[in-house]
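Chain residues, written in single-letter form:
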Amino acid sequence: MSAYDQFVSCLREYGCTVDDKGDRGSASTPGHGSSDRGTMFRRYPDGVLVWCFNQDREEMLTALGLTMADLFDSPRTSYRYADGRTVTRSYRDGKKTFSQSGTRSGRALFNIDNPPTDQDSVVYVVEGEKDVRAATAVGVFAVSQAQGARTSPERADWSPLRGRRVVVVQDKDDVGRARAKAVAKLLVGTAASVAIVEAREGKDLADHIAAGLGIGELVPVPWQASASSPVDPVVGFWSARPVLAHVLEFARARRAGPWGTLGVVLARAVAAVPPTVTLPATVGGRMSLNLFTALVGPSGSGKGACEAAARDALVCCYDPTGRVVVDVPEFPLGSGEGIARSFRPAGADDDAPNLRDRAVFTAPEVDTMKALFARTGATLEAELRKLYSGEQIGFNNAQKTTRTVVSAHSYRACLVVGAQPLRAGALLDGADGGTPQRFLWLPVADPDAPDQAPAEPAVWKVRLRDWQPGPLPIPDVARQEIDAARLARLRGGTDEAETLDGHGLLSRLKVAAALMVLDGRTVIDAQDWALAGVVMAVSDGTRASVQRAATEQKRRANHARALASAEREEILSDRKFQRARNSILRSLTDGPAGRSPLRRRMKEDIRANFDAALSDLLDSGQILESGPDSKPVYTLSTDGPESPGTHPGNPALPAEIL
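The rules behind the values
Residues numbered from 1 in each chain as written. Predicted model: local features only at pLDDT ≥ 70, side-chain atom pairs only at ≥ 80, totals over all residues. Heavy atoms only, no water. Helix = DSSP H or I, 4+ residues; strand = E, 2+ residues; numbered from the N terminus. Buried < 20%, exposed > 50% of the residue type's maximum accessible area, 1.4 Å probe, protein only. Polar contact = N/O pair within 3.5 Å; in protein donor to acceptor, adjacent residues only side chain to side chain. Contact = heavy atoms within 4.5 Å. Pairing = 2+ DSSP bridges. Axes fitted to C-alpha atoms, helices over the stretch in contact; angles between N-to-C directions. Parallel < 35°, antiparallel > 145°, perpendicular 65-115°, else oblique. Nonpolar A, V, L, I, M, F, W, Y, C, P; charged D, E, K, R; others polar. Left-handed = near helix turned anticlockwise from the far one by under 90°. Expected span 1.5 Å × (residues − 1). Phe/Tyr/Trp six-rings, centres within 6.5 Å; stacked < 30°, edge-to-face > 60°. Lys NZ or Arg CZ within 6 Å of the ring centre and 35° of its normal.

Some details on the environment of G163
Stage number 1. Secondary-structure assignment places G163 in the loop between β9 (142-143) and β10 (165-170).
Stage number 2. By relative accessible area, which is 37% here, G163 ends up partly exposed.
Stage number 3. Put simply, G163 and A192 are 29 residues apart on the chain and 4.5 Å apart in space, counted from C-alpha to C-alpha.

Observations concerning the side chain of S637
Stage number 1. Relative to the elements of secondary structure, S637 occurs in the segment after β26 (633-636).
Stage number 2. Taking the relative accessible area as the measure of exposure, S637 reaches 15% and is therefore buried.
Stage number 3. From its side chain, S637 meets the backbone oxygen of G621 in a polar contact 3.2 Å long.
Stage number 4. Among residues more than four places away in sequence, those in contact with S637 are G621, Q622, I623 and L624.

A few points about the sheet that holds strand β1 (residues 18-20)
Strands pair in a sheet through their backbones, by hydrogen bonds, and they do so in one of two ways: parallel or antiparallel.
Stage number 1. The four strands are arranged β1-β2-β3-β4 in an open sheet whose pairing can be described as antiparallel. Among the strands making up the open sheet, the edge pair consists of β1 and β4 (47-52). Each neighbouring strand pair of the sheet contributes to a mean axis angle of 15°, computed without reference to strand direction.
Stage number 2. Pairing geometry for strand β2 (residues 24-27) and strand β3 (residues 39-44), over four bridges, is antiparallel. In the sheet register, A27 faces β3, and the bridge partner there is T39.

Section: the sheet that holds strand β6 (residues 85-92)
Stage number 1. With antiparallel pairing, the three strands of this open sheet are ordered in space as β5-β6-β7. Since the sheet does not close on itself, it has two edges, and those belong to β5 (76-80) and β7 (95-102), each with one partner. For this sheet, the mean angle separating the axes of adjacent strands, direction not counted, is 20°.

So, the packing of helix α7 (residues 258-271) against helix α14 (residues 504-518)
Stage number 1. Across the interface, α7 lies against α14 with an axial gap of 9 Å and an inter-helix angle of 75°. Taken together, the axes of α7 and α14 are roughly perpendicular relative to one another. Contact residues: α7 offers V265, L266, A269 and V270, while α14 offers V511, A514, L515, V517 and L518.
Stage number 2. Residues of the contact of α7 with α14, tallied by class, amount to nine nonpolar, no polar and no charged.

Observations regarding the packing of helix α13 (residues 476-490) against α14
Stage number 1. Two elements in contact, α13 and α14, have axes separated by 10 Å at closest approach and are oriented at 165°. Judged by the inter-axis angle, α13 sits roughly antiparallel to α14. In this structure, the crossing between α13 and α14 has a hand that is left-handed. Contact with α13, carried on its side by A478, E481, I482 and A485, involves L505, R508 and L509 of α14 and no other residues of that element.
Stage number 2. In terms of residue class, the contact of α13 with α14 is made up of five nonpolar, no polar and two charged.

Quick notes on α14
Stage number 1. Given a rise of 1.5 Å per residue, 15 residues ought to cover 21 Å, and the 21 Å separating the end C-alpha atoms of α14 matches this to within 8%.
Stage number 2. Once α14 ends, the next one or two residues include G520, with phi positive near 75°.

A few points about the environment of V517
Stage number 1. Note that V517 resides in helix α14.
Stage number 2. When the C-alpha atoms of V517 and V270 are compared, they prove to be 7.3 Å apart, with 247 residues separating the residues in sequence.
Stage number 3. Excluding anything up to four places from it in sequence, V517 contacts A269, V273, V462, L464 and W467.

A short note on the pairing of strand β25 (residues 623-626)
Stage number 1. Two elements, β25 and β26, share four bridges in a ladder whose sense is antiparallel. For L624, the partnering residue across the bridge sits in β26 and is T635.

A short note on the pairing of β5
Stage number 1. Here β5 shows a buried face lined by T77 and Y79 and an unburied face lined by R76, S78 and R80.
Stage number 2. When β5 meets β6, the two strands line up antiparallel, connected through five bridges. Bridge pairing in β6 links R76 to S90.
Stage number 3. Between β5 and the antiparallel strand that follows it, β6, lie four residues; G84 among them carries a positive phi value of about 100°.

Quick notes on helix α3 (residues 129-137)
Stage number 1. Residues of α3 that are buried: E129, K130, D131, V132, A134 and A135.
Stage number 2. Count one or two residues on from α3 and you reach G139, which has phi positive near 75°.

With respect to the packing of aromatic side chains
Stage number 1. Scanning the model with the defined rule gives 13 aromatic pairs in all.
Stage number 2. Plain terms: the ring middles of Y4 and F41 are 5.7 Å apart, the flat faces sit at 65° to each other, and that makes the pair edge-to-face. Separated by 37 residues along the polypeptide, Y4 in helix α1 (residues 3-14) and F41 in strand β3 bring together distant segments of the chain.
Stage number 3. By relative accessible area, Y4 is classed as buried at 1%.
Stage number 4. Overall, the relative accessible area of 2% leaves F41 in the buried class.
Stage number 5. Ring geometry for F237 versus W238: centroids 5.1 Å apart, planes at 85°, classification edge-to-face. In this pair, the class of F237 matches that of W238, namely buried.
Stage number 6. The structure contains a cluster of three or more aromatic residues connected by ring pairs, namely F292, Y388, F439 and W441.
Stage number 7. For R43, the ring lying beneath its charged end belongs to Y4, and the centroid distance is 4.0 Å.
Stage number 8. Against the face of W529 rests R508, its NZ or CZ located 4.0 Å from the ring centre.

The structure is reproduced here in structure tokens:
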């Protein structure tokens, strides 16, 4: 009997409710109710993969009278490598052991002898032969290195992965994470692209598959080997959740950039949440969910298309039927005073409620913001910084009729700005004040757009929950990363190069909250945080490209100015030189003269050219030198090489002075 059949049989003998589909299934966990399908299982080449959502796996197996060894078809499972190595897995006294035979110094990867013929197929690099075999069960090609996670990746031959798209699946422990990054860094320059992912459930790929999850549900892990490495941070992002797949499909159906569309969707999702819902006080006080997005692309590249697609792709509603959607009013960006008055009219009584509590502000072109920032006495940039944090906005003027004060966390405001890369200086120039750090920078281009646009899917309806005022729960991993970054900054462990990343983790937490909203939940989880990391990786890359474009534009402008300045100097210098020559020739028409008289007769602004002009005239034979060296005398030449009435250095010189 196979391990799969034995496991199913033991479940049934125990009295569990079993749904067996032949190659995979689910069952109620021993000791739990029949409707609680907390145990998942799947057949794979070496036996059965098992995952338990509501009980420790080994405890569940013990209840069935089984051990981990019973999940394999054979007590000893052998894995043969292309270079002659054989690794054998077995269990002794309930503990997993490995032994090797054959070649032990080989460098071949396990399963590398049967790669996919399609060069564009993704190759998954996993930790261990069992994960490779588990990947095979779901039709995925995977490889692994021999001798465990602590073995240096440099001891393996990775050359067969040259030019291929590689996804490294890291085990969810410190050793596994370190190894995944080491492998990924080693493959940069060999593979066409490299990404890191991890299991959504369990420790490794085998657990993830056993839990009934697909390859597309692996959680992306943001990482960067170097500024120029071909890292692919978005493998698996769009398929991680149905709502993200919907945004991608809708954007492509409308021929809009998916990332730009997502940026607007995230802003509109946040705008649907009451302003009393905030982020916890991880650093300082509570922070608002308010989100700013910059849609980056040249003129006519589709920033408006992204906004329009986002409006139509998705709606938020509290109504279970989906008929009543949350209205999110939009306003063009104006002055700092205008922002406050969008929520509360001037002169309102102190105890009067706000006119509205949510809005999305838009500026189709960043030039609009630049002009508003540059107004005399403008307050817009400072107000936007407060708006991002949900602080009190407005102005407490002496006259009640002009007074507008909007209390902190009494409004929800998001901002969407169109930014042409070469005109984004209005945002980048405010780095010292924190303006660019508060934006998501997302591209409106779609390099992978299909030739044939997909059919437009139906509108996605996000069912909002009943929100409790106060801070949202966040995962420990987010809290720990934010705390570690803050501690490093407090201790002076950051440098000026990180100026543009000062709000990076806060923006990431806001994105995680927006992804939570899209998923219909009220608690930010670890996957929200991981997916938000991918969005931030795209944002950072886009912002860096804008910075490079701006820097290159400034360099070219400076170069052009330098050339123009040099040319002007050259022209001016040549003119002064010619004037000095002419002055000497004019002076000598009155008769012979020495150096001092000739120099005194020359205007002061060209005297610096006297020696050069005198030498040039002597060399060309236009003047002659006589007398002692200590006191030479100069005269006009009457038989020099020049024709009477002409001079190559100054054709305009009157003939009568030659």
